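Structural overview for review
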Amino acid sequence: QVQLVESGGGLVQAGGSLRLSCAASGSIFSINEMGWYRQAPGKQRELVAAITSGGSTNYADSVKGRFTISRDNAKNTVYLQMNSLKPEDTAVYYCNAWVEIVAGGEYDYWGQGTQVTVSS
């Protein structure tokens, strides 16, 4: 019904930047909150940043001042600009969206994940 497709991950040196994108498609009536989570090996998945349909944002303390989340509601796309990357940012990054579908109801959808590796 709804698909989230992420792009933009990769390998970067410490101090570098990456920009992740996540596009939602399918039977979408509207999208409420969108966000990015990450999961490092041996650790639990954690919230990195989230943004409401109105543009209010929330960040994990570990990324405040370095990462910026934004969205384009017309394109059903959310972005994560990651600057001053650190080796501890290495993880699989997942896109998440709370979507009201055309058939009715609000559901939680996840992307397939994109690997971000920061070398020291």
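Everything numeric here is computed off the predicted structure, so don't read it as measured data.

Each helix and strand counted, the protein chain has 0 helices and 11 strands in total. From first element to last, N terminus to C terminus, the protein chain shows the α and β order β-β-β-β-β-β-β-β-β-β-β. Its C-alpha radius of gyration of 14 Å places the protein chain within 12% of the 14 Å reference for a compact globule of 120 residues. Taken along its principal axes, the extent of the C-alpha atoms in the protein chain is 50 × 25 × 20 Å.

Another point: the pattern of salt bridges. Throughout the structure, instances matching the rule amount to 4 salt bridges. Note that R38 and D89 form a salt bridge whose closest N and O atoms lie 3.0 Å from each other. Taken together, the residues span a long stretch of sequence, with R38 in strand β4 (residues 28-39) and D89 in the loop between β8 (77-82) and β9 (91-101) at a distance of 51 residues. For the pair R38 and D89, a shared accessibility class is recorded, and that class is buried. A salt bridge links K64 to D61; its shortest N-O distance comes to 3.1 Å.

All right, on to the nonpolar core then. Membership of the largest hydrophobic core comes to 33 residues, with the highest contact counts inside it found for W36, L80, M82 and Y93. Elements with a minimum of two residues in this core: β1 (2-7), β3 (18-26), β4, β5 (46-51), β7 (67-72), β8, β9 and β11 (114-119). Here this core gets 6 residues from one element, more than from any other, and that element is β9. The contact partners of M82, leaving out residues within four places of it in the chain, are G16, S17, L18, L20, R66, F67, Y93 and V116.

Criteria and thresholds
Residues numbered from 1 in each chain as written. Predicted model: local features only at pLDDT ≥ 70, side-chain atom pairs only at ≥ 80, totals over all residues. Heavy atoms only, no water. Helix = DSSP H or I, 4+ residues; strand = E, 2+ residues; numbered from the N terminus. Rg over C-alpha atoms; globule rule 2.2 N^0.38 Å. Salt bridge = Lys/Arg side-chain N within 4 Å of Asp/Glu carboxyl O. Buried < 20%, exposed > 50% of the residue type's maximum accessible area, 1.4 Å probe, protein only. Core = buried A, V, L, I, M, F, W, Y, C linked by side-chain atoms within 4.5 Å. Contact = heavy atoms within 4.5 Å.

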